[in-house]
Amino acid sequence: QVQLVESGGDLVQAGGSLRLSCAASGSILRINDMGWYRQAPGNQRDMVASISSDNITNYADAVKGRFTISRDNAKNTVYLQMNSLKPDDTAVYYCKASIQRTGLFSRINYWGKGTRVTVSS
């Protein structure tokens, strides 16, 4: 089995910073793309940032220049550094990873359970 566990969500004032982490564990052979998504109440889940296995990154327009995604392959962990936070960034943030498990050929997308970020004005 594979698990993704997010951490780092908190209540922060506008203009502040947070760093989210997502650690993957289990019978992992290889992790391909990793990414962060967010979902605010009443909204759909949207992509925030993604990073490929060779560190090519992609960001939603709303977070460009403020958020930075990175990964530590030795720790099977992806990070999201969030600066200049705005109330509109308030959401539950989910981690997603495309993982090839040991003994299997296919890649499967796994999701974490989310970590809540609240930005007060």
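Everything that follows concerns the structure shown earlier in this document.
Summarised in this report is the structure supplied together with it. If you're wondering where the values come from, they're calculated on a predicted model, not measured in any experiment.

Things to note about the packing of aromatic side chains
- One pass over the full model with this rule turns up 1 aromatic pair.
- Taking 4.9 Å as the distance between ring centres and 65 degrees as the angle between the ring planes, the aromatic pair formed by Tyr37 and Trp111 counts as edge-to-face. Highlighted residues: Tyr37 in strand E4 (residues 28–39) and Trp111 in strand E10 (residues 107–111), separated in sequence by 74 residues.
- On the basis of relative accessible area, Tyr37 is assigned to the buried category, the value being 17%.
- Judged by relative accessible area, Trp111 falls into the partly exposed class, the value being 37%.
- Across from the ring centre of Trp111, 4.8 Å away, lies the NZ or CZ of Arg45, which sits over that ring.

Some words on the pairing of strand E8 (residues 77–82)
- Along E8, 5 of the 6 residues are buried, which leaves the element largely enclosed by surrounding structure.
- Alignment of strand E3 (residues 18–26) against E8, held across 6 bridges, turns out to be antiparallel. Bridging across to E8, Cys22 finds its partner in Val78.
- Pairing between strand E7 (residues 67–72) and E8: 6 bridges, direction antiparallel. Looking at the pairing, Arg71 lines up with Val78 of E8.
- Between E7 and E8, which follow one another and run antiparallel, lie 4 residues, and Asn76 among them has a positive phi close to 50 degrees.

Thoughts on the side chain of Ser52
- Summarising the element assignment, Ser52 is placed in the loop between strand E5 (46–51) and strand E6 (57–59).
- Among the polar contacts made by the side chain of Ser52, one reaches the side chain of Asp54 at a distance of 2.4 Å.
- For Ser52, the contacting residues outside a window of four places in its chain are Asn32, Asp33 and Arg71.

Quick notes on the rules
Residues numbered from 1 in each chain as written. Predicted model: local features only at pLDDT ≥ 70, side-chain atom pairs only at ≥ 80, totals over all residues. Heavy atoms only, no water. Phe/Tyr/Trp six-rings, centres within 6.5 Å; stacked < 30°, edge-to-face > 60°. Helix = DSSP H or I, 4+ residues; strand = E, 2+ residues; numbered from the N terminus. Buried < 20%, exposed > 50% of the residue type's maximum accessible area, 1.4 Å probe, protein only. Lys NZ or Arg CZ within 6 Å of the ring centre and 35° of its normal. Pairing = 2+ DSSP bridges. Polar contact = N/O pair within 3.5 Å; in protein donor to acceptor, adjacent residues only side chain to side chain. Contact = heavy atoms within 4.5 Å.

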